[in-house]
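# Fold and contact review
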Amino acid sequence: MRSNSGRGLQPNVLGTFDTIVMAVAGSAPAYSLAATTAVLVASVGLAAPAALLYCAIPMLGIVLAYGRLGRLDANAGAAYSWVGRTLHPALGFLSGWALVVSATIFMVAGSLPAGAMTLALFDTDLANDTGLALLVGGGWFLIMLLVVLGGARLTVRAQLLLSGVELALLLMFVLAALAHHGAAVAFDWSWLGFGHFDGTSGFASGALVAAFYYWGWDVTSNLSEETRNSRRTAGLAALVGMGIVFLLFEAFTIAVNVILTEDQIMAGSANVLGILGEAIWPGVGGKLLIVAVMLSTVATLETTLIQVTRSLFAMGRDRTMPSALGRVHRTWNTPWVAITAVGVVAFALLAAASALGSVTEILSDAVTAISLQIAVYYGLAGIAAVVAYRKVMFRSLGDFFFGVLWPLLGALFMFWIFFESLSELTRTAITIGIGGLAVGLAPMIWYWRKGSSYYRPAKLDAARVPDGHRHEPYADSAAGPPGRPDRSDRAGESLSTDF
């Protein structure tokens, strides 16, 4: 069993409902719609609903891959551990590094609209002041940093409040939008087809932005060491959370097409939902959706902090990054060194962002850069699932389709949109996206040469796991390196591979 002596994360804190809430909050439906709709419309126009639809299908393959891999190895590092143990440790490290970099960049991309939305509640002109928005957003980030430091239980309680109010407001406006008479154009089924895309590169760039919408559901895997019955819970919660946000994304994107003109969307940039709310419910609608966006942004700052700090915790525990990152607070059972390090770096980036440009420019470049990194580590995780389950893929039709074929198609799609979209992106976005990944080569090579046992892994293979056992991460940094086979416990639980 995992130790709770102050060196290991606290087990069995989260239940199924808690984890579903975290999955939905991780994808941040209101924030994603507010911050990314203008970017998506700029890429594909009226085809925005189609981009979300056709990205959701392969994304479900990645969700299935995470669920399967989580049954073999419940690890706070998630893809970092799985890819390293199935494909190659270098690819595993880069998977973890991609998440760390994308999440750190998101501290700016998330804190900025959190501040802007808060200011918009008082004066819409203040929301365009980048410096002031970053200052207020930094305050929200500090609050979430302290909440995450306080432990998983406190984190979930905060999420229940933030996400509960957010989802109630979004559902209310979905129903109101259905009764609203469109002012821009009438609904057209062609919005869900391929006719509005500008060739394959246009489709790829739209799908890349759509990947950012969905990003975040995998926080359930980073919380697996703190979840009850995580063998099933993490994957199931991610699947349910993905389904909820998909329906919300489609409903609101279609409503935007029907009710707002393209000029209104682009003029609104980071406040599209506020404009939509005002159009649906004049006088108060805009303010209510601004509240939803603000709560969503704060909530997803929290889940992103969990992802990056748990990933760094796993890296520190494995000694592929400074070992201090693997330390856990004796009272709160949280990786306090990793949380502190992320906080310092994030505040430095927030200070630097004030000189980078307008709110719109920062968000656009950040979204596309993060999307490139998402495509990399999601794609590698999909391939890892195929390799881990390849020897048992013909055990049943479900094993072949849900365990191998769909994850494989999802992985190939992620790699395709990565390469196909490069010609459509700005130089800044490419530099941040690929340059951020390249920086990870330095710590990878350094700790590889120092002899971290992570680079001598025990292979992750579903065919080698006996019924009634599952792999568990070792208890703490003193319990043994990840290169040794994981201990198995909880006899009597079968390794079913069906959701």
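See the structure above.
Residues numbered from 1 in each chain as written. Predicted model: local features only at pLDDT ≥ 70, side-chain atom pairs only at ≥ 80, totals over all residues. Heavy atoms only, no water.

## Structural notes on helix H6 (residues 130-149)
This is how it is decided: Only runs of H or I of at least four residues qualify as helices and only runs of E of at least two qualify as strands under DSSP, and these elements are numbered from the N terminus. Take the number of residues in a helix, subtract one, and multiply by 1.5 Å to get its expected span. Per-residue accessibility, obtained with a 1.4 Å probe over protein chains only, is compared with the maximum for each type, and a residue is labelled buried under 20%, exposed over 50%, and partly exposed between these values.
Taking 1.5 Å per residue as the helical rise, H6 with its 20 residues ought to reach 28 Å, and the 28 Å between its terminal C-alpha atoms agrees with that figure. All of the buried residues along H6 are Thr-130, Ala-133, Leu-134, Gly-137, Gly-138, Phe-141, Met-144, Leu-145, Val-147, Val-148 and Leu-149. Once H6 ends, the next one or two residues include Gly-151, with phi positive near 115 degrees.

## A closer look at helix H8 (residues 199-214)
Under the 1.5 Å per step criterion, the end-to-end length of H8 is 23 Å for 16 residues, consistent within 8% with the ideal 22 Å. The element H8 is largely enclosed, with a buried count of 14 among its 16 residues. One or two residues past the end of H8 sits Gly-216, with phi positive at roughly 125 degrees.

## Here we look at the packing of aromatic side chains
For clarity, the cut-off: Ring pairs shown here join Phe, Tyr and Trp side chains whose ring centres sit within 6.5 Å, with only the six-membered ring taken for Trp; geometry is labelled stacked below 30 degrees between planes, edge-to-face above 60, and tilted in between.
Tallied over the entire structure, the rule returns 32 aromatic pairs. For the pair Phe-141 and Phe-347, a centre-to-centre distance of 5.3 Å together with 75 degrees between the ring planes defines the contact as edge-to-face. Residue Phe-141 is found in helix H6, and its partner Phe-347 is found in helix H14 (residues 336-353); the two are separated by 206 residues along the sequence. When its relative accessible area of 31% is taken as the criterion, Phe-347 is described as partly exposed. Arranged with centres 5.9 Å apart and planes meeting at 40 degrees, the rings of Phe-203 and Trp-416 form a pair that is tilted.

## Quick look at the environment of Leu-167
The condition is simple: We call two residues contacting when some pair of their heavy atoms lies within 4.5 Å.
Structurally, Leu-167 is set in helix H7 (residues 152-179). A residue is classified by how much of its surface remains accessible, and Leu-167, at 27% relative accessible area, is partly exposed. Residues Leu-167 and Val-24, 143 residues apart in the sequence, show an inter-C-alpha distance of 9.4 Å. Beyond its immediate chain neighbours, meaning those up to four positions away, Leu-167 contacts Val-24, Pro-29 and Leu-248.

## Describing the packing of helix H5 (residues 89-120) against H6
What counts is decided by this rule: The angle between two axes is taken between their N-to-C directions and runs from 0 to 180 degrees, where each axis is a line fitted to C-alpha atoms and a helix contributes only its stretch in contact. Working definition: roughly parallel below 35 degrees, roughly antiparallel above 145 degrees, roughly perpendicular at 65 to 115 degrees, and oblique for all remaining angles. In this classification, the charged set is Asp, Glu, Lys and Arg, the nonpolar set is Ala, Val, Leu, Ile, Met, Phe, Trp, Tyr, Cys and Pro, and all remaining amino acids, among them Gly, are polar.
Where H5 contacts H6, the two axes come as close as 7 Å, and the packing angle between them is 105 degrees. Relative to H6, H5 is oriented roughly perpendicular. Across the interface between the two elements, Met-107, Ser-111, Leu-112, Ala-114, Gly-115, Ala-116, Thr-118 and Leu-119 from H5 touch Thr-130, Leu-132, Ala-133, Leu-134, Val-136, Gly-137, Gly-138, Trp-140 and Phe-141 from H6. A per-class count over the contact of H5 with H6 returns 11 nonpolar, 6 polar and no charged.

## Notes on the packing of helix H13 (residues 285-318) against H14
We count it as follows: Working rule for handedness: look at the near helix, and if it is turned counterclockwise from the far one by less than a right angle, call the crossing left-handed; if clockwise, right-handed.
Viewed as axis vectors pointing N to C, H13 and H14 meet at an angle of 125 degrees, and their least axial separation amounts to 9 Å. The angle between the axes of H13 and H14 places the two elements in the oblique class. Relative to H14, H13 is oriented so that their crossing is right-handed. Taken together, the residues of H14 that come into contact with H13 (itself represented by Leu-305, Val-308, Thr-309, Leu-312 and Phe-313) are Ala-338, Ile-339 and Val-342. Grouping the amino acids of the contact of H13 with H14 by side-chain chemistry returns 7 nonpolar, 1 polar and no charged.

Bear in mind that shape data such as this cannot, by itself, settle questions of function.
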